[in-house]
Amino acid sequence: MNRLKISWKSLAWSAAAAMLLLTLATPLGFFTVFLIMTPFVVLYTMLDLKSFVLHLVPIGAAVFLLSGELEPWVITLALLLLVPAAAMGHLYKRARSAKAAVTAAFVLILGQLLLELVLLTVMFDIDIKAQLTSMITTYFQQLEPAGLIESGWVAESATEFSNLIRSMIAANLGMGHLSETGWAAEVAAASSSLIMSALPMLLFFVTFFLAVIAHALSRLALRSVSFDAPALPQAKTWKLPKSLVLYFAIAIIAVSAMSEESSGYWWIASINLIPILEFAFVAQTIGFVFFLSDLKKWPRAISLLLCVPVLLIPHAFIIGLLDTAFPIRKYFEK
């Protein structure tokens, strides 16, 4: 493929990258963060290294000048996503598999996030939980002024929210009945405790979806520059290692053996590992659905429709667990 140095396509993708980065300073940033890697993947794939760096200069300048007070946050996140995007583009140009590209992006994003957490907590002595509590408190306090909402609704909603938190992490966070005044601080403390307890799981899911969405969108976008990026393996071929079933069983036993007041490393590890493995088994269930549809020669639309209940039914992951643990596909092939 001819590597373009500067063209209207490269300029258009540069503008798209700058615009997406600027949305990080707005409420849209929660959604657009999953799109940001795509323009950089396309630029790195279609350009040589020198031209790629040259295109980064105006993008960086636009972000620096227009992102306002959130400029440090936007630049930090841009640098965090730029490295895995460049890695994906490099692997595409080397004709490596999609699995290798997604894995590299996943490892780089997760590694950078963990490194930033270490720097914040160790080198800069920043209490992440305290900062998170303060931020959530400020948000909830915006609802406290009298007259903004119906009398009594605040305390009732806050109490329901605290009960939800208890059920999610299966632990008593020390939140009793919440009064109508001062509830924001109590809910914020519980929310931050929930987030800190589930932080490994949150990092995993955010990193996973960033990498997978970046690959899916980049593969489509690269067609605009006449580049054919590799696809991930077909769903019907997905197969998880059997060792994950053992890890899942160990995590279930560990959580069952601990009390609701448990804390510490093993408690945090177990309650985070279970939903991650359940998610993996849901993916395996989807793979089994596509395997069965292919075996029975069902239309593709049927396969997609069958995936809907898999995603909605709480314990549908058990099918994927059984598909991982036992050779049930051989039974259907017979």
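Preceding this section is the structure that the text describes.
Quick caveat: nothing in here was measured; it's all calculated off a predicted structure.

1. Considering the overall build of the protein chain
Part 1 of the reasoning: Of the regular secondary structure elements, the protein chain holds 15 helices and zero strands.
Part 2 of the reasoning: Buried positions account for 39% of the 334 residues belonging to the protein chain.
Part 3 of the reasoning: When contacts within the protein chain are restricted to residue pairs at least 6 apart in sequence, long-range pairs at least 24 apart make up 74% of them.
Part 4 of the reasoning: Accessible area for the protein chain stands at about 19,100 Å²; split by element, carbon and sulfur atoms hold 70% of it.

2. So, the pattern of salt bridges
Part 1 of the reasoning: Under the criterion given, the structure shown has three salt bridges.
Part 2 of the reasoning: With its nearest N and O atoms 3.3 Å apart, the salt bridge here joins aspartate 323 to lysine 239. Taken as a pair, aspartate 323 in helix H14 (residues 317–325) and lysine 239 in the loop between helix H10 (199–221) and helix H11 (243–257) lie far apart in primary sequence, 84 residues in all.
Part 3 of the reasoning: Taking the relative accessible area as the measure of exposure, lysine 239 reaches 46% and is therefore partly exposed.
Part 4 of the reasoning: Two residues, aspartate 323 and arginine 329, come together in a salt bridge whose shortest N-O distance is 2.9 Å. Neither residue differs from the other here; aspartate 323 and arginine 329 are each classed as buried.
Part 5 of the reasoning: Through salt bridges with shared partners, a single ionic network connects Lys239, Asp323 and Arg329.

3. Side note on a nonpolar patch on the surface
Part 1 of the reasoning: A contiguous nonpolar surface patch, about 370 Å² in accessible area, is contributed by Leu246, Tyr247, Ile250 and Leu273.
Part 2 of the reasoning: At three residues, H11 tops the list of elements feeding residues into the nonpolar patch.
Part 3 of the reasoning: The residue leucine 273 is located in helix H12 (residues 265–296) in this model.
Part 4 of the reasoning: For leucine 273, a relative accessible area of 31% translates into the label partly exposed.

4. Some thoughts on the nonpolar core
A general trend in soluble globular proteins is that nonpolar side chains are found buried together.
Part 1 of the reasoning: Leu21, Met37, Phe40, Leu81, Met88 and Tyr92 are the most contacted members of the largest nonpolar core, which totals 45 residues.
Part 2 of the reasoning: Secondary-structure elements contributing two or more residues to this core are helix H1 (8–22), helix H3 (37–46), helix H4 (49–66), helix H5 (71–93), helix H6 (98–123) and H10.
Part 3 of the reasoning: Ranked by residues supplied to this core, first place goes to H5 with eleven residues.
Part 4 of the reasoning: The residues touching phenylalanine 40, leaving out its near neighbours within four places in the chain, are Ala17, Leu21, Phe52, Leu56, Ile59, Leu82 and Ala85.
Part 5 of the reasoning: Residues Phe281, Val289, Val310 and Leu321 belong to the second largest nonpolar core, which totals 17 residues.

5. Remarks on the packing of aromatic side chains
Part 1 of the reasoning: Taken as a whole and assessed by the stated rule, the structure comprises 14 aromatic pairs.
Part 2 of the reasoning: Ring plane angle 75 degrees and centroid distance 5.5 Å describe the contact between phenylalanine 204 and phenylalanine 205, whose orientation is recorded as edge-to-face.
Part 3 of the reasoning: With a centroid separation of 6.1 Å and 35 degrees between ring planes, the pair formed by phenylalanine 288 and phenylalanine 291 is classed as tilted. On the criterion of helical spacing, the pair formed by phenylalanine 288 and phenylalanine 291 is a turn pair, its members being three residues apart in helix H12.

6. Considering the environment of methionine 88
Part 1 of the reasoning: With respect to the secondary-structure elements, methionine 88 resides in helix H5.
Part 2 of the reasoning: Sequence separation of methionine 88 and valine 41 is 47 residues, and the distance between their C-alpha atoms is 6.4 Å.
Part 3 of the reasoning: Those residues in contact with methionine 88 that sit more than four places away from it in its chain are Met37, Val41, Ala101, Ala105, Ala211, Ala214 and His215.

7. Considering H3
Part 1 of the reasoning: Taking burial as the measure, the ten residues of H3 include ten buried ones, the bulk of the element.
Part 2 of the reasoning: Within the sequence span of H3, burial applies to Met37, Thr38, Pro39, Phe40, Val41, Val42, Leu43, Tyr44, Thr45 and Met46.

8. A word on unusual backbone geometry
Part 1 of the reasoning: The backbone of alanine 95 shows a phi angle near 60 degrees, a positive value even though the residue is not glycine.
Part 2 of the reasoning: Classification of alanine 95 as exposed rests on a relative accessible area of 66%.
Part 3 of the reasoning: For serine 226, which is not glycine, the phi dihedral falls at a positive 60 degrees.
Part 4 of the reasoning: Locating serine 226 in the fold gives a position in the loop between H10 and H11.

9. Looking at the environment of valine 41
Part 1 of the reasoning: Summarising the element assignment, valine 41 is placed in helix H3.
Part 2 of the reasoning: Among the residues examined, valine 41 registers a relative accessible area of 0% and is labelled buried.
Part 3 of the reasoning: Residues valine 41 and alanine 86 lie 45 residues apart in sequence; the distance between their C-alpha atoms is 5.9 Å.
Part 4 of the reasoning: Apart from the residues within four sequence positions on either side, valine 41 is in contact with Ala85, Met88, Gly89, Tyr92 and Ser218.

Cut-offs used in this document
- Just so you know, the residues in each chain are numbered from 1, in the order the chain's sequence is written.
- A pLDDT threshold of at least 70 governs which residues receive local features in this predicted model, and a stricter bar of 80 or more applies before side-chain atom pairs are shown or counted, although totals over entire chains, interfaces and linings include all residues.
- Hydrogen atoms and water are omitted, and side-chain values are computed over all heavy atoms in the structure.
- Secondary structure follows DSSP: runs of H or I at least 4 residues long count as helices, runs of E at least 2 residues long count as strands, and numbering of each begins at the N terminus.
- Three exposure classes are used, based on accessible area relative to the maximum for each residue type with a 1.4 Å probe and protein chains only: buried under 20%, partly exposed in between, and exposed over 50%.
- Contact definition: two residues touch when any of their heavy atoms are within 4.5 Å.
- Only the protein chains shown count as cover for residues, and the accessible areas themselves come from Shrake-Rupley with a 1.4 Å probe.
- By salt bridge we mean one thing: a side-chain nitrogen of Lys or Arg within 4 Å of a carboxyl oxygen of Asp or Glu.
- Patches in this entry comprise residues that are over 30% relatively accessible and not in a salt bridge; like charges within 9 Å are linked, as are nonpolar side chains (Val, Leu, Ile, Met, Phe, Trp, Tyr) within 5 Å.
- As used here, the term nonpolar core means buried Ala, Val, Leu, Ile, Met, Phe, Trp, Tyr and Cys residues forming a set that is joined through side-chain atoms within 4.5 Å.
- Stacked, tilted and edge-to-face are the three classes assigned to paired rings of Phe, Tyr and Trp, where Trp is represented by its six-membered ring and a pair needs centres within 6.5 Å; plane angles under 30 degrees give stacked, over 60 edge-to-face, the rest tilted.

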